[in-house]
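A structural walkthrough
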Amino acid sequence: MPKTNTPQQIRMDAAIAGPLLMLAAALLFTMLNLLIKQIGPEFTIWHIGFYRFFGGIAVLLVVFGRQGNPYRGHNTRLLIIRGFTGSAAFLSIVTAIRLLPVSTALVIFYAFPAFSAVFSYLIYGERLSKAEIACIGVVVIGIGILFDFRLEGGFFGQCMALSGAAFAGLTVTLIKTLREKNGPVIIYLYFCTMGVLVTLPQFVMAPRLPSTGMAWAMVMGIIFVSVAAQLLMNQGFFYCKGWEGGVFMSSEVIFTAIVGIAFLGDPASWRFWVGGVLIFGSAVALNRFKASSMKRERRLHAENPG
């Protein structure tokens, strides 16, 4: 007689699988950040973006393309918009990683939960609690500490990291609607497709193929690591609550900072530590407060369905 899992065992499996999938995704995203940082300067953000997006389409179509029309989704217009905002976020953070110490770029980028909270208020009218507003204020303070406001490459890189955070915050907000009737594969497929459309013109103007075995390995690494990280993260959200997944994914900042400081010689000034702690801590707190707010709203709705 086949053995069946009890509800307690299923909950225990989910409690283990969720964190493991999220931490694995965070490690892979850390590896992606390092590949982007280390690949040769002859590859511009347009080359990196094109290879990442085109390779993502190829992998997704090979794996999932046999199930009918892979682009058949609900709310195509919003899928396209989310694809463009996600592409802008990726290209912005790639630019920042190329110009800044990778640890600093990631710390600024992970201010995106604050932007997500603001966009949720502007687009969906979701209320912001006093605690959430305080967290957003602390994020702004942390960003101000990290910025040195000198008009040179570092300042532009900081602005691009912040731009990436804003686009990522908008993207996360739009996904809330898309998830209602679209699976993670279709959302990611549109993201990659819009990314190809954005990067293709610049890539065609100055096409570049890897010329060495190492360059090929790094390009293929960017493709497969990014796809694997994205799919692991999407799968992890099936086992984690939204705020839990956000907290686990925030470990990408810690992993990247450790590698950047220990192996790439990233500077770790007081600005980095103070600003980083304020941004990272506030991002984690925002995820937690948002989860508590949603739980409270569901409870009120259940008590007063009319």
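Re the side chain of T173
Here T173 shows up in helix α7 (residues 153-178). There is a polar contact of 3.3 Å between the side chain of T173 and the backbone oxygen of S116.

Examining the packing of helix α3 (residues 76-99) against helix α8 (residues 184-205)
A pair of packed helices can be characterised by two numbers: the angle between their axes and the separation between those axes. For the pair α3 and α8, interaxial distance at closest approach is 7 Å and the crossing angle is 60°. By the angle class used here, α3 and α8 are oblique. You can see that α3 and α8 cross each other, and the crossing is right-handed. In contact with T76, L79, I80, R82, G83, F84, G86, S87 and L91 of α3, α8 contributes I186, I187, Y190, F191, M194, G195, V198 and T199. Residues of the contact of α3 with α8, tallied by class, amount to 10 nonpolar, six polar and one charged.

Considering the environment of W216
By the secondary structure assignment, W216 is in helix α9 (residues 213-236). The class of W216 is partly exposed, set by a relative accessible area of 40%. Within the structure, W216 has its side chain in polar contact with the backbone oxygen of P210 (distance 3.2 Å).

Focus: the nonpolar core
In this structure, I48 and M249 are the most contacted members of the largest nonpolar core, which totals 69 residues. The residues contacting I48, other than those within four sequence positions of it, are I36, I39, F43, F90, V94, R98 and I222. Of all hydrophobic cores here, the second largest spans nine residues; its members include L78, L79, L174 and L178.

Section: the environment of R271
When you line up the elements, R271 lands in helix α12 (residues 270-303). Separated by 127 residues in sequence, R271 and G144 have C-alpha atoms that sit 9.4 Å apart.

Here's the deal with α8
Since one α-helical turn is 3.6 residues long, residues separated by three or four positions face the same way. Between the first and last C-alpha of α8 there are 32 Å, a value that for 22 residues agrees with the 32 Å anticipated at 1.5 Å per step. Along α8, the sharpest kink reaches roughly 40°, centred on T199 and followed within four residues by the proline P201.

Details of the confidence of the model for the chain
On average, residues of the chain carry a pLDDT of 82, and 84% of them reach 70 or more. Mean pLDDT values for the elements of the chain range from 63 in helix α10 (residues 242-249) up to 94 in α3. Confidence drops under pLDDT 50 across residues 8-12; counting only partners more than four residues distant or on other chains, this segment forms two contacts.

What about the packing of helix α2 (residues 45-64) against α9?
Direction vectors running N to C along α2 and α9 enclose 55°, while the axes themselves pass 9 Å from each other. With respect to α9, the axis of α2 lies oblique. As for the relative orientation of α2 and α9, their crossing is right-handed in sense. Here α2 contributes I48, Y51, R52, G55, G56, V59, L60 and F64 to the contact with α9, which in turn contributes V219, I222, I223, F224, S226, V227, Q230 and L231. For the contact of α2 with α9, a count of residues per class yields 11 nonpolar, four polar and one charged.

Things to note about the packing of aromatic side chains
The tally for this structure, following the rule as stated, stands at 12 aromatic pairs. Seen in terms of ring centroids, F53 and F191 are 5.3 Å apart; in terms of plane orientation they differ by 85°. Their pairing is edge-to-face. With F53 in helix α2 and F191 in helix α8, this residue pair connects regions lying 138 residues apart in the sequence. Comparing F53 with F191 shows no difference in burial state: the two are buried. Through a chain of ring-to-ring contacts, three or more aromatic side chains come together here, namely F50, Y51, F54 and F203. The ring of F90 is capped by R52, whose NZ or CZ atom sits 4.5 Å from the centre of that ring.

The rules behind these values
- Residues numbered from 1 in each chain as written.
- Predicted model: local features only at pLDDT ≥ 70, side-chain atom pairs only at ≥ 80, totals over all residues.
- Heavy atoms only, no water.
- Helix = DSSP H or I, 4+ residues; strand = E, 2+ residues; numbered from the N terminus.
- Polar contact = N/O pair within 3.5 Å; in protein donor to acceptor, adjacent residues only side chain to side chain.
- Axes fitted to C-alpha atoms, helices over the stretch in contact; angles between N-to-C directions.
- Parallel < 35°, antiparallel > 145°, perpendicular 65-115°, else oblique.
- Left-handed = near helix turned anticlockwise from the far one by under 90°.
- Contact = heavy atoms within 4.5 Å.
- Nonpolar A, V, L, I, M, F, W, Y, C, P; charged D, E, K, R; others polar.
- Buried < 20%, exposed > 50% of the residue type's maximum accessible area, 1.4 Å probe, protein only.
- Core = buried A, V, L, I, M, F, W, Y, C linked by side-chain atoms within 4.5 Å.
- Expected span 1.5 Å × (residues − 1).
- Bend = angle between axes of the 7 residues up to and from the residue.
- pLDDT = per-residue confidence, 0-100.
- Phe/Tyr/Trp six-rings, centres within 6.5 Å; stacked < 30°, edge-to-face > 60°.
- Lys NZ or Arg CZ within 6 Å of the ring centre and 35° of its normal.

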